Amino acid sequence: MVNARLRSETGVATPTRRERPLERDIRYFGDPVLRTPAEPVTDFDLELRKLVDDLNETMLAAHGVGLAAPQIGVSLRVFVYHVDEDEFGHLVNPMLKLEGEPEEDDEGCLSLPGLQFPTRRAPRAIATGFDMHGEPVTIEGTELLARCVQHETDHLDGILFIDRLDKKQRKLAMQAIREAEWFGLPKPEIKLSPHQTARIS
Ligand SMILES: [Zn+2]
């Protein structure tokens, strides 16, 4: 009888066990989802929690410091960030307040792998929004965190960091994109080299 009771208690835990997060394919420049303004989140449900888990899993696997939902093909206003061990999390329906004179620093994007260009960003950002449970959240960031929340919020508006480059840098960026191995995918069957090329994030 004791065994039967234990089994039933074990069984109770099963339905509440979370599904493992999925590492999803990252969408590259050229995919229309990256140019589509994302929709505000209205349901703070299990689907949203799963989306945040999948975003985190995909960002960490790609060694990124941030990832927005459109980058995995989901047009919702959600992003995750992991700037360092003390600065990580997620934000739903973000609103940004920027402070200070814009500063230039190298910036890259998981949707434009291998490219880095000097991009002007405000040095301080205050992002307000919600967590996945619908609780209000404020992120106050300087330096990389400030840059990251501006970059990720841009993704939710269909804006990419190359849009913010000056004319000369943007021209160089477009040239680099045309030469990038990932540009124009999917066409993986046609390979110039049989060797695997290391993909830089
Ligand atoms: Zn990006």
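In every chain, residue numbers begin from 1 and rise along the written sequence. This being a predicted model, a pLDDT of at least 70 is required before a residue's local features are given, and a value of 80 or more before pairs of side-chain atoms are given or counted; all residues contribute to the totals for chains, interfaces and linings. No hydrogens and no water enter the side-chain calculation; it runs on all heavy atoms of the structure.

Peer 1: Lay out the overall build of the chain in plain terms, naming residues and giving numbers.
Peer 2: Working definition: helices are DSSP H or I runs of at least four residues, strands are E runs of at least two. Numbering for both runs from the N terminus. Helix and strand content of the chain: four helices and seven strands. In sequence order, the secondary structure elements of the chain are arranged as α-α-β-β-β-β-β-β-β-α-α. When the 201 residues of the chain are sorted by exposure, 38% land in the buried category. We call two residues in contact when some of their heavy atoms are within 4.5 Å. For the chain, restricting intrachain contacts to residue pairs at least 6 apart in sequence, the fraction spanning at least 24 positions comes to 64%. Areas reported as accessible are Shrake-Rupley estimates using a 1.4 Å probe. Residue values count occlusion only from the protein chains shown. Split by element, the accessible area of the chain, about 12,400 Å² in all, is 53% carbon and sulfur. Only protein chains enter the calculation, and the probe is 1.4 Å; a residue is then buried if its accessible area is under 20% of its type maximum, exposed if over 50%, and partly exposed in between.

Peer 1: If you had to explain the coordination of the zinc ion to someone new, which residues and values would you point to?
Peer 2: We call an atom a donor if it is N, O or S and sits within 2.8 Å of the metal, or 3.2 Å for Na, K and Ca. Water is not counted, so some sites may look partial. Taken together, Cys109 (SG), His151 (NE2) and His155 (NE2) make up the protein donors of the zinc ion, found 2.0 to 2.2 Å from the metal. Mapped onto the polypeptide sequence, the residues donating to the zinc ion form the spacing pattern C-x41-H-x3-H. One end of the pair, Cys109, is in the loop between β4 (103–108) and β5 (116–121); the other, His151, is in helix α3 (residues 143–156), with 42 residues separating them in the sequence. One exposure class covers both Cys109 and His151, and it is buried.

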